[in-house]
Amino acid sequence: MDYIEKVVEKLKEWTRKLIDALLGPEPQAEPEPIPVPVNDPERRRR
């Protein structure tokens, strides 16, 4: 049974790689930018 489980895992891995090659990798969520407060009086005058 252990041999069958290893074969199934390999098939899943190859299928995942094939899908990634054909459709591209799964989209990753882009990290939200962290707002940085700026205390710059010169910037306000322009």
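The shown structure was predicted, so the numbers you read here are calculated from the model rather than taken from an experiment.

Student: Any details on the overall build of the chain? Residues and values, ideally.
Tutor: The helix and strand tally for the chain stands at two helices and zero strands. A buried classification covers 0% of the 46 residues belonging to the chain.

Student: Explain a nonpolar patch on the surface to me, and be specific about the residues and the numbers.
Tutor: Side chains of Met1, Tyr3, Ile4, Val7, Val8, Leu11 and Trp14 sit close together on the surface and give an oily, nonpolar patch of about 800 Å² of accessible area. Note on placement: valine 7 falls in helix α1 (residues 2-23).

Student: Before we move on, could you go through the pattern of salt bridges and cite the residues and values that matter?
Tutor: Two side chains with opposite charge may pair up if their charged atoms get near one another. In the structure shown here, the tally under the stated rule is three salt bridges. Residues lysine 12 and glutamate 9 are paired through a salt bridge, measuring 3.9 Å at the closest nitrogen-oxygen approach. In this pair, lysine 12 and glutamate 9 both sit in helix α1, three residues apart, roughly one turn of the helix. Under the relative-accessibility criterion, glutamate 9 is labelled partly exposed at 47%. A salt bridge links glutamate 13 to lysine 17; the nearest nitrogen and oxygen atoms lie 3.5 Å apart. Of this pair, glutamate 13 and lysine 17 both sit in helix α1, four residues apart, which is roughly one turn of the helix.

What counts, and where the lines are drawn
- Residues numbered from 1 in each chain as written.
- Predicted model: local features only at pLDDT ≥ 70, side-chain atom pairs only at ≥ 80, totals over all residues.
- Heavy atoms only, no water.
- Helix = DSSP H or I, 4+ residues; strand = E, 2+ residues; numbered from the N terminus.
- Buried < 20%, exposed > 50% of the residue type's maximum accessible area, 1.4 Å probe, protein only.
- Patch = residues over 30% accessible without salt bridge, like charges linked within 9 Å, V, L, I, M, F, W, Y side chains within 5 Å.
- Areas by Shrake-Rupley, 256 points an atom, 1.4 Å probe, with all protein chains shown as cover.
- Salt bridge = Lys/Arg side-chain N within 4 Å of Asp/Glu carboxyl O.

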